[in-house]
Amino acid sequence: MVNNYSETSVSENYSAPEQTLEFKGKGTELFGIQLPNWVLTLVTCGLYYPWAKVEILKYVYSKTEFAGSRFKFHGTGKEMFKGFIKAIGIFAVLIGFFLFCSLSGKPELILVGMLGFYAGLGLIIPVAIHGRMRYRLSRTSWRGIHFGYTGSLKQLYIECIKGAFLTAITFGIYGSWFVVNLRKYIIGNIRFGNIRFSFDGEGGELFITHLKGYFLSVFTLGIYLFWYMRDLHFFYVNNILAEQNGRLVRLDANVTGTGYLKLIVGNVLIMVFTLGLGIPFVTVRTLNFVISNTQLIGTLDLENIEQAEADRIGATFEDVSDLLNLDLV
Amino acid sequence: MAVFQGLFFDGKTSSGQPVEIKLSPGLLVLTKKYGPEPSEFGWKIARISRNDFNDREQVVLEYASEPREVLEVNDPAFSGALQAAYPHAPFVKLKYSSFVSGNPLPLIGVLVGFIALIAAAYFWLIPKLTDVAAENMPTITEAQIGEALIGAMLKDEAIDSAKTVYAQKFFNHLHGKSENVATITVIDEKQANAFAVPGGNIVIFKPIIALTDNYAELAGLLAHENAHLQHRHSLKLLFRNLSTYFLASLLFGDVNGLMAILIENAENLKELEYNRDLEKEADMSGLELLRARKIDPNGMVNLFSALKDEHGKSAIPEFLSTHPVFDSRIEYLKAEIVKKPYQTQPNDSLEYYFRKLKE
């Protein structure tokens with residue numbers, strides 16, 4: 001008897017907002033954040049960079065709205081700094097090795113140095129992707145619910161080595177399938193509470209998109225490039241699915257070639273005429289273009305996304321032992 | 001007391017529960033409006049997390065509970081009410097308020113300062129630091145770098161070994177020393193050119209020897225290249241390019257391209273055009289050597305005249321060219337010669353090796 005009115009009255013009195021994505025950032029605001037960041041980065045000879053990056057991420061996340069609620073980035077400059085120092089250390093070792101070999105003057109050793117350098121770079125990439133996905137997602141939340149990444153580094157290495165090998169022996173043709181498989185693996189391991197994501201695209205589709213885009217761009221003296229970008233955008237966004245309790249929801253982008261043309265021409269003009277100082281405006285324009293032009297086909301049950309394994313995520317918070325945030329690579 | 005409407009998220013599910021919010025001292029009192037029974041609970045002000053980018057449109061607060069609770073308020077008046085009720089709370093202090101509040105003065109001030117800082121770093125700090133770094137680099141390291149570079153450069157070149165020997169002797173006599181101050185190499189090339197490589201290497205392209213009419217001209221050329229080596233000009237330039245790029249990558253967050261420039265520099269050093277100031281410094285130091293060895297300083301002037309004729313009239317105005325246009329070099333050299341005249345002495349050894357080179 002007491003419970004009688006509860007469920008119904010919630011839905012009657014509180015109308016659920018539409019499930020749309022929107023970016024609400026402003027260039028002037030981001031500029032106001034970026035500028036002191038630049039100054040501090042310069043004055044500290046780059047050491048402030050991780051903190052600067054956190055500030056930008058926090059701003060961008062807090063201005064991205066889904067169904068009326070904002071995202072939040074919980075990362076800290078200190079965490080990022082540790083990742084930054086590790087990244088610098090790895091680079092210093094790689095570059096040092098390369099220089100040492102180059103200066104020896106022996107052709108064999110120079111070759112070893114080159115190969116070692118590129119092999120080292122290649123081997124860092126999966127670690128960088130894995131560290132970044134784990135870190136970024138664990139520190140991203142929406143309505144208090146955290147994202148998570150469940151992929152394993154070993155599996156990612158297997159994907160990368162297999163893909164790189166097949167791409168090499170097929171003279172790059174397998175590249176499209178490689179990219180798609182990587183995407184399937186990475187997106188397939190993103191969790192948001194009880195929502196799982198997946199990537200539905202196929203390598204063949206990407207390959208055809210590239211082929212068509214390449215030839216049409218050549219024939220139209222580059223004009224088709226913007227429509228080529230649109231096609232790639234469709235491929236990468238529209239193939240993302242979210243699954244909740246067996247129900248599927250698809251992302252849907254409605255960008256146009258003309259839209260891309262305006263975005264890119266505008267961005268280039270801003271960059272040229274501000275000598276790079278207009279980057280915050282470029283960032284905001286681009287995010288606005290991508291985020292506000294993305295919709296959901298179908299509806300998610302936003303009232304019932306449950307915090308998944310809250311304990312484990314809590315532990316991830318403290319876990320900074322992994323190579324964090326190697327996205328400098 | 002004002003009552004605000006908000007959405008409360010308990011951190012366990014994404015379900016937003018409508019709440020009424022009252023601002024009482026030290027405590028936000030939240031009342032769930034619906035549910036089995038309307039319930040009231042409090043958020044201690046001290047435990048509400050800092051929030052950097054609250055805006056008036058939507059205020060989001062986070063409570064340090066386990067799991068973290070979130071409160072969303074879409075009321076333009078809420079932000080102001082919070083500020084009035086809890087002026088010292090961390091979550092009402094916006095980190096960037098002065099920059100995003102609409103008053104453009106602080107922003108413009110920082111912008112001007114920032115541009116001044118970059119300009120100072122670019123025009124003053126970087127040249128200073130790189131010069132100091134280049135001058136203090138151990139000779140052994142410089143020699144190692146030079147060896148790697150010269151090896152790569154001369155790999156596909158046809159070296160004229162006979163002329164290389166004579167040029168080396170000529171150079172040693174120019175210095176009046178028996179040991180090699182620098183290693184000279186003469187190569188077969190089409191243009192008239194010569195360049196210095198770090199670690200004591202001078203490469204001469206054969207046609208430039210053909211251009212010279214007497215040993216004083218060749219002495220002028222070698223004295224000039226030798227001065228580049230003495231002042232470590234190519235190292236300075238390499239360092240300067242690197243650090244300019246470093247400055248850019250610092251600001252725009254790209255560290256990877258650093259490698260690109262390093263490799264590019266090594267490959268392009270051959271084409272490297274010395275910066276005009278460095279050229280002038282090399283000319284003046286070269287002149288010093290000629291003076292010390294009592295060689296006719298007009299040799300250098302004549303060499304540039306010959307090079308000028310060879311290149312034809314330079315179409316590039318001086319301010320665009322890194323090499324001072326020959327006219328201006330001839331001019332300042334002549335002025336310097338008039339300013340400090342000295343008695344020249346014929347040098348038979350130089351004359352001998354010059355004849356051998358011209359054979």
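Residue indices begin from 1 for each chain and proceed along its sequence in written order. To label them, take the chains in the order written and letter them from A, then take the ligands in the order written and number them from 1. Selection of residues for local features in this predicted model requires a pLDDT of at least 70, selection of side-chain atom pairs for listing and counting requires 80 or more, and totals for whole chains, interfaces and linings are taken over all residues. Heavy atoms from the whole structure form the basis of all side-chain values; hydrogens and water molecules are not counted.

> How do you make sense of the UniProt feature "transmembrane region" (unreviewed entry) in chain A when you look at a structure like this?
All names here are of chain A. UniProt tags residues 84-103, 109-129, 213-229 and 260-282 as "transmembrane region" (unreviewed entry). Regarding residues 84-103, the helix share stands at 100% and the strand share at 0%, and the terminal C-alpha atoms are separated by 28 Å. Helix and strand labels come from DSSP, where a helix needs a run of H or I of at least four residues and a strand needs a run of E of at least two; each type is numbered from the N terminus. End C-alpha atoms of residues 109-129 are separated by 30 Å, and the span's content is 100% helix alongside 0% strand. UniProt positions are given in the numbering used here, feature names are shortened, and annotations may be inferred rather than shown by experiment.

> Explanation requested: the confidence of the model for chain A in the structure shown.
As a note on interpretation, predicted positions should not be read in detail where pLDDT is low. Residue and element names in this part refer to chain A. Each residue carries a pLDDT score, the predictor's own confidence in it, on a scale running from 0 to 100. In the predicted model, chain A carries a mean pLDDT of 82, and 88% of its residues have values of at least 70. Taken together, the stretch residues 1-13 has pLDDT below 50 and engages in 10 contacts with residues farther than four places along the chain or on a different chain. Long-range and interchain partners of residues 310-329, a stretch whose pLDDT sits below 50, account for 48 contacts in this model, where long-range means more than four residues apart. Here, residues are in contact when the closest pair of their heavy atoms is within 4.5 Å.

> It is not clear to me how the nonpolar core should be interpreted in this structure. Could you clarify?
Side chains of nonpolar character tend, in soluble globular proteins, to be buried together. In this structure, Phe170, Ile204 and Leu222 of chain B are the most contacted members of the largest nonpolar core, which totals 42 residues. At 8 residues, the largest contribution of residues to this core is made by helix α7 (residues 215-230) of chain B. Not counting chain neighbours up to four residues away, the residues in contact with phenylalanine 170 of chain B comprise Tyr215, Leu218, Ala219, Leu222, Leu350, Tyr353 and Phe354 of chain B. Counting residues in hydrophobic clusters, the runner-up holds 40 residues, among them Leu21, Phe66, Trp142 and Phe147 of chain A. Put simply, buried Ala, Val, Leu, Ile, Met, Phe, Trp, Tyr and Cys residues joined by side-chain atoms within 4.5 Å make one nonpolar core. Burial classification: accessible surface area is computed with a 1.4 Å probe over protein chains only, and a residue below 20% of its type maximum counts as buried, one above 50% as exposed, and the rest as partly exposed.

> Just checking my understanding: could you explain the UniProt feature "transmembrane region" (unreviewed entry) in chain B for this structure?
UniProt's entry tags residues 105-125 and 242-263 of chain B with the feature "transmembrane region" (unreviewed entry), counted in the numbering of this structure. Within residues 105-125 of chain B, the helical portion is 100% and the strand portion 0%, while the C-alpha atoms at the span's ends are 28 Å from each other.

> Would you take a moment to explain the sheet that holds strand β9 (residues 201-205) of chain B for this structure?
The pairing of strands in a sheet happens through backbone hydrogen bonds and is either parallel or antiparallel. Residue and element names in this part refer to chain B. Pairing is mixed across the open sheet formed by 3 strands, whose spatial order is β7-β9-β8. At either end of the open sheet lies a strand with only one pairing partner, and these are β7 (183-187) and β8 (194-197). The mean inter-strand angle of the sheet, taken between neighbouring strand axes irrespective of direction, is 20°. The criterion for strand pairing is that DSSP finds at least two bridges linking the strands in question. Strand direction decides the pairing type here: β7 and β9, joined by 5 bridges, are parallel. Its bridge partner lying in β9, threonine 185 is registered against valine 203. Helix axes use the C-alpha atoms of the stretch in contact, all axes being lines fitted to C-alpha atoms, and the angles between their N-to-C directions lie in the range 0 to 180 degrees. The sheet strands contacting helix α4 (residues 139-154) are β7, β8 and β9, and the helix crosses β8 at an angle near 145°. Packing against the sheet, helix α5 (residues 161-175) makes contact with β7 and β9, and its axis sits at approximately 140° to β7.

> How do you make sense of the packing of helix α2 (residues 27-43) of chain A against helix α3 (residues 49-62) of chain A when you look at a structure like this?
Relative placement of two packed helices is described by the angle separating their axes and the distance separating the axes. All names here are of chain A. Look at α2 against α3: their axes get within 9 Å of each other, and the N-to-C directions meet at 175°. The orientation of α2 relative to α3 falls into the category roughly antiparallel. Of the residues in α3, those touching α2 at Glu29, Leu30, Ile33, Gln34, Asn37 and Thr41 are Tyr49, Ala52, Glu55, Ile56 and Tyr59. Classifying every residue of the contact of α2 with α3 by side-chain character gives 6 nonpolar, 3 polar and 2 charged. Comment on the angle field: the value is read as roughly parallel under 35 degrees, roughly antiparallel over 145, roughly perpendicular from 65 to 115, and oblique elsewhere. In this classification, Asp, Glu, Lys and Arg are treated as charged, Ala, Val, Leu, Ile, Met, Phe, Trp, Tyr, Cys and Pro as nonpolar, and every other residue, Gly included, as polar.

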